[in-house]
Each structure stands twice: as C-alpha cells, then as structure tokens.
Amino acid sequence: MAKQIINVPDIGGADNVDIIEICVAVGDTVSAEDSLLVLESDKASMEVPSPVSGKVVGILVKEGGKVSEGDAIFEIEAEGAADAPAAEPAAAPAAAPAPAVAAPAASSEQLVKVPDIGGSENVEVIELCVAVGDEVAEGDSIIVLESDKASMEVPAPASGKVVSFAIKEGDKLSEGDDILVLEVSAGAATPAAVPAESAPAAAAPVPAASGGVTDVNVPDIGGSENVEVIEVCVAEGDEISEGDSIVVLESDKASMEIPSPASGKVVSITVKEGDKVSEGAALLKLEVVGAAPAAAPAPAAAPAAPQAPAKPVEQPVKTTQELHPAEVSATTGEVYAGPAVRKLARQLGVNLSEVKPTGPRKRHTKDDVREFVKTVMKQRSTGGAAVTGGSGIPAVPAVDFSQFGEIEMQKMSKIKKVTAAAMVRNWLNVPHVTQFDDADITDLEAFRKNMKAEAEAAGVKLTPLPFLLKACAAALKAEPSFNVSMHPDGEHIVQKKYIHIGMAVDTPNGLVVPVIRDVDKKGLFELAAETVALAKKARDGKLMPKDMQGGCFTISSLGPIGGTGFTPIVNAPEVAILGVSKADIKPRWNGKEFEPRQMLPLCLSYDHRAINGGDAGRFFTFLSAVLSDVRRLLL
C-alpha cells in the first residue's frame, strides 16, 4: 500500500478556515467519503470527506488550527496501491554501494530536546507553534514555555520537517526532555542544543557608597546584545524604591524588566524608547538614599569591600510574564503577551491594550492581534466604526448566575457569534424605521392550493415563499429606492440593476441567509425548487460563502411558528428587510358587511438614510396589492 497526502479540497474560496473537529485518529481505517474533519468559516460549517479508502497514518493539523484550500491535512495509506520502490534493492544488488556515496543528501530524523532554560524545572508548555508535517527553518520557534518567572520560545536547532510530537500543550518540561522528532537533511547542521533565551537573574550591583549620585547600568542579560528598550518606566525627578522597574527590554525571545538596585531619586535618564543596549550600558543616574557621601571613601581602603553589597541586592530580572495580571495592568497597560506577539503588534501598529486576549491566563496571542487587525479593516471597508467599551455605551455588568441555581456554560458556534456581532453592528450603524401592514392573501392561497397538484407533478412543493419572493422582486422594481446600498464614502448611493433576495434560515448552528439570484427572472416552480434546496444546504452546513453574498433585500419569515409582528434588523449593506408573521382569518368590511379574509401580517424595516417614509409607503402599498391579486404581476 502507498501513502497519500490528503489536502483541503475546494471550499468556495474561503481562507484560514477554523478546524473545529478532527473525526479520525492515527491508526483508524476509513472508507472513501468518510468525514475526516469539520471546518467552520464565519458563514458555514463543512465536513471534509476522505477521497480514498485506507488507514490514517498521520494527522498534519490540530483542532483550533486554520487551513485554506490545498493545505495538507492527513496522510493515508491507501488500499489497493503497491509500493513500487520496495522491489528496487533486490533488482540491482550491484548498486548497493551507491547509497553510501549519496548518504549526505539523505534525510535523517533528529530528536529535539529542551535546551538550557536557566535551571528551571517542570516548566509549562503553553503553546505549540508548529504542527506535524510543518516545514521549519533553523531558529523558528517550535514551542513556548512559561515558568513563574518568564515566557520563553524554544527555537528549532535545524531546518527540517516536523515528524511527530512527544508533548502537548499543558505538559511540564525540564531541560533535556523530548519535544519532537525533526526530519533534517544529513548535510544540515544539527547542534546539540540551541538554548532558549531566558530572563537572567542578575541586577546591577549597588555601588559601595550608600549615598550621592551613582550610575545604573544594564545588568547581566544572558549575553544578549543590542536589546531594544521598549519602555522607560520612570522619569527624571521620580522617587523610586529598590526593585522598582526602571526600563523594559525586549529581545526576539523574551521581555525583561530591569529593577532599580537601590532606593533614591532619578537624576537623569541616559536612554530612550527604541534605543539598543547591551550589558554594562548606562541607563540612568540615581541619587541614592542613605548615608552622607562623605562615607564613600571608607570602602576604598579595602579592595574587597566593593563586592560585598553585590549579593544582597542581586535579584532576578523580571519579565512581563512574571507579573500577576493585576501588576501587568499597572506597568504595561494591561498587556500580558510574549515578545513575538509584542513584535507583531508593533509591526502592525496595534495597541495591545485594545486587543481581547484568548490565550491561557488571559495571554495575548498572535491570532488575537491578526483577528483585531482583520476586524478593524472590515469595519473600515464597510464604513462602520468599531464599537468598544470606550464608545460611551455602558457595558452589561457581569453576573454570577450560579448563585441563583444550577447553570451550564454552552459554547456558542462560530455562526452564532458572527451573527451576534453583525446584529450589534447593524443595529448601531443603521437608523431603523419599521412599518406594519396586513396583506389580504385569501385569493393567493386559493390559487396556490389549486396549483398544488400541478406543482407536485413538476416535482416541487409550492409554499407561500415563492409568491413572496416574486412580489418583493416586483416591488423592488417598482420602488428602486429599496434596491440600493450606502457607499462607504458617505457621499454616494449604489443603485443596483439586479435583484437578488436573501431568505433567513434557522439552522441548528444559528441563523444564515442564503441568497436567491435573479428572482425577477425566475418562475414560481423554479423558485420553489431553489428555496427548498438552499434551505437543505443551510441546515446540513453545506452552504459556501458565495451562496450568502450579493443580496439586495431579505425576507425573514416566522411562518407557522406564530406571532402577529416583530421588528427585523436590516441586514446591512442592504437597506431593507421584510418580516412575515403567521397568517390568520380576520373580519374585513367589504362595504356592506364583514367577511372572513386570510390576512398576512407584514413588517418592513428600512434604513432611514436611504429610504424615506413616503418611499416605504409606496413599496408597502404595491407589495400588499400584488399579494392580494397576483394577476398584477402581469402588468
């Protein structure tokens, strides 16, 4: 049997789709079309089937990861395929010596272990930076460790391909423990260990004289050179205590705070943010609190005296990760992040205090930064402003519901979270107006029932929805002010020449709105078939992003569920939405007497920036007239 790499198939152009479930394990036997994993975009969930039958020998991704079309996800030993190379050695024994010559080009497996981490024991693995099957370059981060003193990234000692992991997130490691197996070229350098840069443990010694002005220099920082000053924590004239942070340094592997070696007053500061410093570089001048400067000459008589005070003030250089979140908020603007994340944030111009952390212990991750940038750019492209706690909208206070009784925390699906965010955005950005009316559909219902047998013969079920779609398409043509979108520049309105209508569908994963295209050009039977097919795809989680794009108008129908009316939220960038409630028999005055008529409650919400009340009145009047007498569609 031959091994075959399985890649992500065509997923409708979606990129960086979340892996929410892996359905198989290494060693499992699968058949063609068996589900391998489940992906979830912001529009739909979809299962990726196996294209072949065979045995799973490798899983190249993990839950929570992101993939795009063409990415490698599984390695399967396919059934019915012979391994051709197996016969080659027997066929040509004379060629046996040849591999010895070619050996330097062959690949070999190397076990990567935890390097020197400054004597720390049982350090927690808080992040795996790579997955099985990934190609890594020498120096690339493979895992992130976090002790009670520092976060440190462990780099790859050589370039190669990740074959397998010996650990998982949450494990505790010490120096020398196995991390992963790396397939490297025999010619590649494979150093025994590449130490992860960690926060060292020495601070600048206090001068022998405990009074007067003294220089404070960069202490031992583990041999690092040209480390960037990312924050100066004090100002000239500040009174500081021994151990207070004076500057924060950041290399490409760790952030570290330099503490003051003594109490006193800051006389002058030698460095500024952005400077590069190395061990021994001057940081500031400190007027030390203590005895009079006259006492300073005394230690000069004894050469050994200057070394005596060094040990009592020697202390670990704190990293930002050493602090409790409350301390971090006081010194670093409520940011709890590793150096790689801070570097990415600086490159993208992101203020980390505005980013919501999702990592362990409320730690910021690279994905948090990328998601923040993506959200801001989306809001910018749609003309919407970001709504945060600083927008003047009071936050809903947190409540511990468990104090009132038993509760259960249920994780929201991605579709529900995206829908919730869209509802808030639309409600805050669109000035809504909702108008109500009842349409007399007595004759329409009689016609629909008379057409039932003919529809069944054509293989479709004729519901009221196709009639609503045709009526709304006719109303959009009659009142084109409804078939527009606001341009992001705030100075133009986009008038659409096509009529695509979305229909809200309630699914187990949340609300989705597939779009039916060119409604005005399709007949009732064609619309009936298409609505049923799209609704099924929605409930099965098989909608593609393109199935939910390009809508001009939306219909949200509660149908037989009940209710006499509601106020639907406009699905921006559309400017209107029609809500449909349960039809009921009501008495209507015909000029001589009351007669029973089947009335359909309608509620029309619209964006008052694009549509005026008069426009809405004309749209509603036309729509009700068409629903009351479908023959008007022929006019």
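My aim in this report is to walk through the structure given alongside it, one point at a time. Treat the numbers as computed from the prediction; the structure is a model and nothing was measured.

### Concerning the sheet that holds strand S3 (residues 29-30)
Part 1 of the reasoning: A sheet is described by the order of its strands in space; here four strands give the open sequence S1-S8-S6-S3, paired in antiparallel fashion. Single-partner strands in this sheet number two, and they are strand S1 (2-7) and S3.
Part 2 of the reasoning: Two elements, S3 and strand S6 (residues 54-59), share two bridges in a ladder whose sense is antiparallel. Among the inter-strand pairings, Val30 is bridged to a residue of S6, identified as Gly54.

### Describing the pattern of salt bridges
Part 1 of the reasoning: Considering all chains together, one arrives at 22 salt bridges under this definition.
Part 2 of the reasoning: The closest approach of N and O atoms between Asp367 and Arg370, which form a salt bridge, is 3.2 Å. Of this pair, Asp367 and Arg370 both sit in helix H6 (residues 366-381), three residues apart, which is roughly one turn of that helix.
Part 3 of the reasoning: For Glu479, the salt bridge identified is with Arg618, shortest N-O distance 3.5 Å. Of this pair, Glu479 sits in the loop between helix H10 (464-478) and strand S26 (484-486) while Arg618 sits in helix H12 (residues 613-628), placing them 139 residues apart in sequence.
Part 4 of the reasoning: Linked by salt bridges that have partners in common, Asp18, Lys66 and Lys414 make up one network.

### Observations concerning unusual backbone geometry
Part 1 of the reasoning: Between Ala572 and Pro573 the backbone carries a cis peptide bond, its omega angle lying at 15°.
Part 2 of the reasoning: You can see Pro573 is positioned in the loop between strand S32 (553-557) and strand S33 (576-580).
Part 3 of the reasoning: Positioned with a positive phi, Asn16 is a non-glycine residue whose angle comes to about 50°.
Part 4 of the reasoning: Along the chain, Asn16 falls in the loop between S1 and strand S2 (17-22).
Part 5 of the reasoning: Phi at Asp518 is positive, roughly 50°, even though this residue is not glycine.
Part 6 of the reasoning: With respect to the helices and strands, the residue Asp518 is situated in the loop between strand S31 (515-516) and helix H11 (524-539).

### Structural notes on the nonpolar core
One recurring pattern in soluble globular proteins: nonpolar side chains tend to sit buried together.
Part 1 of the reasoning: Core analysis: the biggest nonpolar cluster contains 50 residues, and Phe482, Ile501 and Phe553 have the highest contact counts within it.
Part 2 of the reasoning: Of all the secondary structure elements, the ones that give two or more residues to this core are H10, strand S28 (501-503), H11, S32, S33, strand S35 (594-607) and H12.
Part 3 of the reasoning: Ile501 has contacts with Leu469, Cys472, Ala473, Leu476, Pro514, Val515, Ile516, Val519, Phe553 and Ile555, leaving out every residue within four places of it along the chain.
Part 4 of the reasoning: Core analysis: the second largest hydrophobic core is formed by 23 residues, Ala14, Ile19, Val24 and Met46 among them.

### Some thoughts on the packing of H10 against H12
Part 1 of the reasoning: Running from N to C, H10 and H12 point in directions that differ by 140°, and their axes come no closer than 9 Å. The angle between the axes of H10 and H12 places the two elements in the oblique class. Crossing of H10 over H12 shows right-handed handedness. Between H10 and H12, the residues in contact are Phe467, Leu468, Ala471, Cys472, Ala474, Ala475, Leu476 and Ala478 and Phe619, Phe622, Leu623, Val626 and Leu627, respectively.
Part 2 of the reasoning: Here the residues of the contact of H10 with H12 sort into 13 nonpolar, no polar and no charged.

Rules used throughout
- Residues numbered from 1 in each chain as written.
- Predicted model: local features only at pLDDT ≥ 70, side-chain atom pairs only at ≥ 80, totals over all residues.
- Heavy atoms only, no water.
- Pairing = 2+ DSSP bridges.
- Helix = DSSP H or I, 4+ residues; strand = E, 2+ residues; numbered from the N terminus.
- Salt bridge = Lys/Arg side-chain N within 4 Å of Asp/Glu carboxyl O.
- Core = buried A, V, L, I, M, F, W, Y, C linked by side-chain atoms within 4.5 Å.
- Buried < 20%, exposed > 50% of the residue type's maximum accessible area, 1.4 Å probe, protein only.
- Contact = heavy atoms within 4.5 Å.
- Axes fitted to C-alpha atoms, helices over the stretch in contact; angles between N-to-C directions.
- Parallel < 35°, antiparallel > 145°, perpendicular 65-115°, else oblique.
- Left-handed = near helix turned anticlockwise from the far one by under 90°.
- Nonpolar A, V, L, I, M, F, W, Y, C, P; charged D, E, K, R; others polar.

Worth remembering: the numbers are spatial, not functional.
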